[in-house]
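Take a look at the letters that make up each chain.
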Amino acid sequence: MTLTLLPEATYHRVPVSPHVELNVAVAGRGPAVVLLHGFPQTHLMWRHIAADLVADHTVICPDLRGYGASDKPAAEGEETYSKRTMAADIVAAARALGHHSFALAGHDRGALVAVRAGLDHPGVVSHLLVLDVLPTLDMWDILRGADAKVAWHLYLMAQPAGIPEPMIEATADSFFASFIDGWTADPGAIPPRYREEYLKASGQAVWSIVADYRASAGIDISHDLVDRKAGRALSMPVTVMQQDWGAVLGYDAAALWSPWAPDLKHMTVNTGHFMAEENPAAVVAAMRELMDR
């Protein structure tokens, strides 16, 4: 049986550039909320959140460029999978569906895309919820010494094209499963059929997933540096929910986020990385409180 976001969701192939279409699930009616998935997942990770928000919102859940059932263009340069390009995809998809402004939530990789969307399109993104990441520039700054081994995959996928991809393809199921299983505090939160779907989708997208990560070790840093030098920040209300990685790696997450988000609510939560599936009630509450600000 094909898994869908919600029984009532409709699916669209939405052109976002001359050669790229996104797979987008849409449900509900009302002001738009766009939800961006993380790694190694698809839009299906938002099923619990969407089930609540559709009561009074139009919920838009795309598979990111390079993931799930969305197109996976070859990386012709750094820009192909830069967060700037991926953020422009999301703005274009929402506009094509009739929404010129929206609240935005992102988890993991999707959160990095969401932050870039907020920086590049402040008149479009009205509210921003970020789940369990740091801004790209700050993420690299705090990964130091032996404790940085927790982010070993970032360094692997930052290597030149043709090196990490065949390594990952050779053990794709175990590679991607190591993150699903290792980062989940409650294994029951991701039922076997969803776990299998995530593994299948990721195994079919190795080269584009690596290109996404590689961009975050290159051009995404460059874009962040330009913004930091210019003093550019997120102008909309922002809520950040994170595990307490600062206690492990020795940093103050709220202090790192504050320069990027002057209107910030920072929350440390006691849950696994996949909080939209492990503790959806907390994520829904945070999203609704954010949209009321």
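Residues numbered from 1 in each chain as written. Predicted model: local features only at pLDDT ≥ 70, side-chain atom pairs only at ≥ 80, totals over all residues. Heavy atoms only, no water.

### Points about the overall build of the chain
Part 1: Within the chain, the secondary structure is distributed over 14 helices and eight strands.
Part 2: Here the C-alpha atoms of the chain give a radius of gyration of 17 Å, agreeing with the 19 Å that 2.2 N^0.38 yields for 293 residues.
Part 3: Dimensions of the chain, computed from C-alpha atoms along their principal axes, come out at roughly 45 × 45 × 40 Å.
Part 4: Evaluated residue by residue, the chain yields a buried proportion of 58% over its 293 residues.
Part 5: Here the chain has roughly 11,700 Å² of accessible surface; of this, 56% comes from carbon and sulfur atoms.
Part 6: Charge separation in the chain, taken as the distance between the mean sites of 22 positive and 34 negative side-chain charges, equals 3 Å. (Helix = DSSP H or I, 4+ residues; strand = E, 2+ residues; numbered from the N terminus. Rg over C-alpha atoms; globule rule 2.2 N^0.38 Å. Buried < 20%, exposed > 50% of the residue type's maximum accessible area, 1.4 Å probe, protein only. Areas by Shrake-Rupley, 256 points an atom, 1.4 Å probe, with all protein chains shown as cover. Lys, Arg positive; Asp, Glu negative; His and termini not counted. Charge placed at Lys NZ, Arg CZ, Asp CG, Glu CD.)

### Topic: the environment of Asp71
Part 1: Tracing the chain through its elements places Asp71 in the loop between β4 (58-62) and α2 (83-96).
Part 2: Residue Asp71 is classed as partly exposed on the basis of its relative accessible area, which comes to 24%.
Part 3: Here the alpha-carbon distance between Asp71 and Trp257, two residues 186 residues apart in the chain, equals 32 Å.
Part 4: Within the structure, Asp71 has its side chain in polar contact with the backbone nitrogen of Glu21 (distance 2.8 Å). (Polar contact = N/O pair within 3.5 Å; in protein donor to acceptor, adjacent residues only side chain to side chain.)

### Description of empty space enclosed by the protein
Part 1: Applying the stated criterion to the full structure yields two cavities of 30 Å³ or more.
Part 2: Empty space within the largest cavity amounts to approximately 420 Å³.
Part 3: Along the wall of the largest cavity there are 21 residues; nearest its centre are Asp132, Met139, His153, Leu154 and Trp245.
Part 4: Elements with a contribution of two residues or more to the lining of the largest cavity: α3 (109-120), α4 (136-142), α5 (152-157) and α11 (245-249).
Part 5: Along the lines of polarity and charge, the residues of the lining of the largest cavity split into 14 nonpolar, four polar and three charged.
Part 6: In this structure, the second largest cavity spans a volume of roughly 100 Å³. (1 Å grid on protein atoms, 1.4 Å probe; cavity = no way out; pocket = protein on both sides within 12 Å on 5 of 7 lines; lining within 4 Å. Points joined across faces, edges and corners; volume = space filled by probe spheres on them. Nonpolar A, V, L, I, M, F, W, Y, C, P; charged D, E, K, R; others polar.)

### Topic: the layout of surface pockets
Part 1: Within this model, the largest pocket holds a volume of roughly 270 Å³.
Part 2: If you go around the largest pocket, you meet 16 residues; those closest to its centre are Leu3, Leu44, Asp63, Ala69 and Glu197.
Part 3: No other element matches the three residues that helix α8 (residues 192-203) contributes to the lining of the largest pocket.
Part 4: Here the lining of the largest pocket is built from residues that sort into six nonpolar, seven polar and three charged.

### Some words on α3
Part 1: With 12 residues, α3 ought to run about 16 Å at 1.5 Å a step, and its terminal C-alpha atoms sit 17 Å apart, in line with that.
Part 2: For α3, the buried fraction is high: 11 of the 12 residues fall into the buried class.
Part 3: When α3 is considered as a whole, its buried residues turn out to be Arg109, Gly110, Ala111, Leu112, Val113, Ala114, Val115, Arg116, Ala117, Gly118 and Leu119. (Expected span 1.5 Å × (residues − 1).)

### A few points about the side chain of His57
Part 1: For His57, the location among the structural elements is in the loop between α1 (47-53) and β4.
Part 2: Classification of His57 as buried rests on a relative accessible area of 10%.
Part 3: Setting aside chain neighbours within four positions, we find His57 in contact with Ala27, Gly28, Arg29, Gly30, Pro31, Val33, Arg288 and Met291. (Contact = heavy atoms within 4.5 Å.)

### Focus: the sheet that holds strand β6 (residues 125-131)
Part 1: One open sheet accounts for eight strands, arranged β1-β2-β4-β3-β5-β6-β7-β8; its pairing is mixed. Every interior strand has two partners, whereas the edge strands, β1 (10-17) and β8 (264-268), have only one. Neighbouring strand axes in the sheet, compared pairwise and without regard to direction, differ in orientation by 20° on average.
Part 2: Pairing between strand β2 (residues 20-27) and β4: four bridges, direction antiparallel. Looking at β4, one finds that Ala25 is bridged to Cys61.
Part 3: Seen against the sheet, α2 touches β1, β2, β3 (32-36), β4 and β5 (102-107) and runs at an angle of roughly 125° to β1.
Part 4: α3 rests against β3, β5 and β6 of the sheet, and its axis sits at about 145° to β5. (Pairing = 2+ DSSP bridges. Axes fitted to C-alpha atoms, helices over the stretch in contact; angles between N-to-C directions.)

Interpretation note: all reported values are geometric properties and have no functional meaning in isolation.
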